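Structural description and commentary
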Amino acid sequence: MTPDEGPQDTVSRVPSKTTASLRSPIEVEVAERLAWLIRLRWLAVVGTLIAIAVADQVVPGTLPLGALVATTGFIAAYNLGLHFIARRLAGIPDDARRARYARRLIHFQVVLDLLCLTVLLHFAGGIDTPFWAFYVLHIIIASILLSPLSAYAYVGVAAVFYGTMVLLEFFGIIPHTHLNGMACPGHYAQWTVLLSTGSAFLATLFFSAWMATSISMRLRARDLELVRLNVELEHRADELGELNRRLQEIDEARKRFVRVAAHELRAPVAAIQSYARLILSGYVPAERQEEIITRVEQRALELLDRINDLLILSRIQEHVEKREQVNAAEVLEKVVELMRPAAEEKRLRLHVEVEPDLPPIFADREQIQHIWMNLISNAIKYTPAGGYIEVTLSHRPTSIIGSVRDSGIGIAPEDQEKIFQEFYRTEEAKQMAPHGTGLGLSIVKQIVEGLGGRIWVSSAPGKGSKFTFVLPRSDVPAPAEPAERDATDESRPPWPGG
Amino acid sequence: MTQVLLVDDDPDFLEITRLVLIHHGIEVLTASNRAQAMSILQQEHPAVILLDVMMTYTLDGMDMVTQIRRLPDFRDTPILVISSLRPSQVAEMLPASALQQIQGWLVKPVRLEELAQKVRALCKE
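Here is what the cut-offs are and how they apply
- Residues numbered from 1 in each chain as written.
- Chains lettered and ligands numbered in written order.
- Predicted model: local features only at pLDDT ≥ 70, side-chain atom pairs only at ≥ 80, totals over all residues.
- Heavy atoms only, no water.
- Contact = heavy atoms within 4.5 Å.
- Buried area = accessible area lost by both parts, 1.4 Å probe.
- Salt bridge = Lys/Arg side-chain N within 4 Å of Asp/Glu carboxyl O.
- Polar contact = N/O pair within 3.5 Å; in protein donor to acceptor, adjacent residues only side chain to side chain.
- Helix = DSSP H or I, 4+ residues; strand = E, 2+ residues; numbered from the N terminus.
- Nonpolar A, V, L, I, M, F, W, Y, C, P; charged D, E, K, R; others polar.
- Phe/Tyr/Trp six-rings, centres within 6.5 Å; stacked < 30°, edge-to-face > 60°.
- Lys NZ or Arg CZ within 6 Å of the ring centre and 35° of its normal.
- 1 Å grid on protein atoms, 1.4 Å probe; cavity = no way out; pocket = protein on both sides within 12 Å on 5 of 7 lines; lining within 4 Å.
- Points joined across faces, edges and corners; volume = space filled by probe spheres on them.
- Buried < 20%, exposed > 50% of the residue type's maximum accessible area, 1.4 Å probe, protein only.
- Pairing = 2+ DSSP bridges.
- Axes fitted to C-alpha atoms, helices over the stretch in contact; angles between N-to-C directions.
- Patch = residues over 30% accessible without salt bridge, like charges linked within 9 Å, V, L, I, M, F, W, Y side chains within 5 Å.
- Areas by Shrake-Rupley, 256 points an atom, 1.4 Å probe, with all protein chains shown as cover.

**A few points about the interface of chain A and chain B**
Listed by partner, the interface residues are 30 residues for chain A and 31 residues for chain B. When chain A packs against chain B, the two sides together hide about 2700 Å² of surface, and 56% of this comes from carbon and sulfur. Its largest share of buried area at the contact with chain B, chain A owes to Arg259, His263 and Tyr283 of chain A, together 28% of the area lost on that side. Scanning the region where chain A abuts chain B turns up five salt bridges. Here Arg295 of chain A and Asp12 of chain B are joined by a salt bridge, their closest N and O atoms 2.4 Å apart. There are ten residue pairs in polar contact (both at pLDDT 80 or more) connecting chain A and chain B. Those elements that provide at least two residues to the side of chain A that touches chain B are helix H7 (191–280), helix H8 (286–315) and helix H11 (427–432) of chain A. With 15 residues, H7 of chain A is the largest single contributor of residues to the side of chain A that touches chain B. Its residues placed into classes, the side of chain A that touches chain B shows twelve nonpolar, seven polar and eleven charged.

**Description of the packing of aromatic side chains**
In total, this model carries 13 aromatic pairs over all chains according to the counting rule given. It is Lys108 of chain B that lies over the ring of Phe13 of chain B; its NZ or CZ is 4.3 Å from the centre.

**Focus: empty space enclosed by the protein**
One pass over the full model with this rule turns up two cavities of 30 Å³ or more. One number sums up the size of the second largest cavity: a volume of about 40 Å³. Around the second largest cavity, the lining residues are Ala267, Ala270, Ala271 and Ser274 of chain A together with Asp10, Phe13, Lys108 and Pro109 of chain B. Within the lining of the second largest cavity, the residues separate by chemical class into five nonpolar, one polar and two charged.

**A word on the pairing of strand S3 (residues 48–51) of chain B**
Residue and element names in this part refer to chain B. Burial along S3 is two-sided: the face carrying Val48 and Leu50 and the face carrying Ile49 and Leu51 are both buried. Note that strand S1 (residues 2–7) and S3 share four bridges and pair parallel. The residue of S3 that forms the bridge with Val4 is Val48. In this structure, S3 lies alongside strand S4 (residues 79–83), joined through three bridges in parallel fashion. Of the residues in S4, the one forming a bridge with Leu51 is Val81.

**What to know about the sheet that holds strand S5 (residues 104–107) of chain B**
Residues and elements named next belong to chain B. Here we have five strands laid out as an open sheet, ordered S2-S1-S3-S4-S5, and parallel in their pairing. Each having just a single partner strand, strand S2 (26–31) and S5 make up the two edges of the open sheet. Taking the axes of each pair of neighbouring strands and ignoring which way they run, one obtains an average angle of 20° across the sheet. Across the sheet, helix H2 (residues 34–43) is in contact with S1, S2 and S3; its angle to S2 comes to roughly 130°.

**Digging into a nonpolar patch on the surface**
A grouping of Leu167, Phe171, Ile173, Trp191 and Leu195 of chain A is seen on the molecular surface, where their side chains present a nonpolar patch of about 580 Å² in accessible area. Along the chain, the position of Ile173 of chain A falls in the loop between helix H6 (148–170) and H7.

**Digging into the environment of Ser474 of chain A**
Residues and elements named next belong to chain A. When you line up the elements, Ser474 lands in the loop between strand S7 (465–472) and helix H13 (487–491). Placed 112 residues apart in sequence, Ser474 and Phe362 show a C-alpha to C-alpha distance of 5.3 Å. Residues within four places of Ser474 in sequence aside, it is in contact with Gln325, Pro360, Ile361 and Phe362. A distance of 2.6 Å separates a polar atom in the side chain of Ser474 from a polar atom in the side chain of Gln325.

Written as structure tokens, this is what we have:
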């Protein structure tokens, strides 16, 4: 047995990872009980001296007073030493270390106490004195403060000490102190006395240890369970706190979105109403009225576009059920067919390059269409006449990669993340196309991310932009990470000569 | 002729307000963003500044109010905020002192007569 193995046994029995580092309150108590034991010993010293004095009055000249007082003095001396050691121990800040030292010190005291008790009993009448019951006190202390193994070990130690003493007296190797009036002369040298007292001694000590350890073990387990539950509760409270913080963030984002959406929906309505009032109040000369009504129509169309985009945005998550095997190249072909007239109208060269044998993706066809339409229509909108748009579609081992590159106005670095936020439009974009929903790129980003992919932009003001998105292939298992960003592609300048 | 500065990122609102104010004999300088507005304030001295406070994703118009108030020539120039949202709808984004720095808040769509009256009254101040 090692003195330190006791209470840890209890800890390791609790089936939880987190409890491995937990310490039962009893362990903390060990350190505190050290001082209590020392105080108890002072009482024992005083009590012993009083008992010696009383015994000397009751049976004068019988007891070896010198030896008894010297043994008691020895107890007092080591108790004084323990008192100073305990004070130093109290200064150790680390709970675990303090408890470890305190436990060792308790083992040391128990052994010394048992030894001194045996010596006192020898001088106070050996087997004739009933004070062997004091051994029980030590066994109970060991059972409560140390491990069950220690308690039973101390039953053994006490038995060896007491047994050695009575046997040495029995065989006359050491002298026996006879207590006049308490036992018949020669009582100590009878086999029957030796056997009956020895049995009573062993049984009392063993059952004391058994009862005390079983009660204390149950209490310790309960203490430890309480500590474990407390730690678990704190952990849960932290988790709930974190969840609450995230919910607040989401709520904050929702509020901000509603606020911005309200602003963006009201703006065209306010313009339409103001234009109408302007005409009705006679602020607009007749020759400008047609121009103003055309603006009213444009703002109404803008409002419709914005509402449509908001609806698309709100339904992105609902499209999971509509997913199927989609050939992104086919979708691209149809979109390009639709967009080509607008590009030609601005004299933009629209070049499409699709890798042959493109693997399928698992997605909603309509959403893939939204991705291409938004990216290509943006490229047409923000590229000055005579420019160039290049659309590519290729594949990698686990993903397909699409890109739309233009020779348009470009995007300043500080705006490159913001353009994916709802309603955000750069100053340059507003100047080039005063009215836009500001939702196209956030729709694209949410669709791409909803499909487990990624989208990014590389651009510089005046040097065009390149939007690249990566989507996972449906014919191979998904990689551990979401679709990898094509780093090599990123390192290329966004536009030839850019 | 009294001159005012109108700052809004909505070109239609610039046009509408301009038409109304011109009708009431007020000259209108227009800017569609903060940089343009600050550049105009370097050269001109409008009697009133009309400002949309939510020109982008944030209340950057309110930041602009603070910026204008730092210019020695415009510490006391009346500023009239015109926004699609009421102050109560953007309360959590408005600093406590923000409303003390402005002289009025109109909500779009603005009643044109009220706008003209308000601007005229502020010009007289």
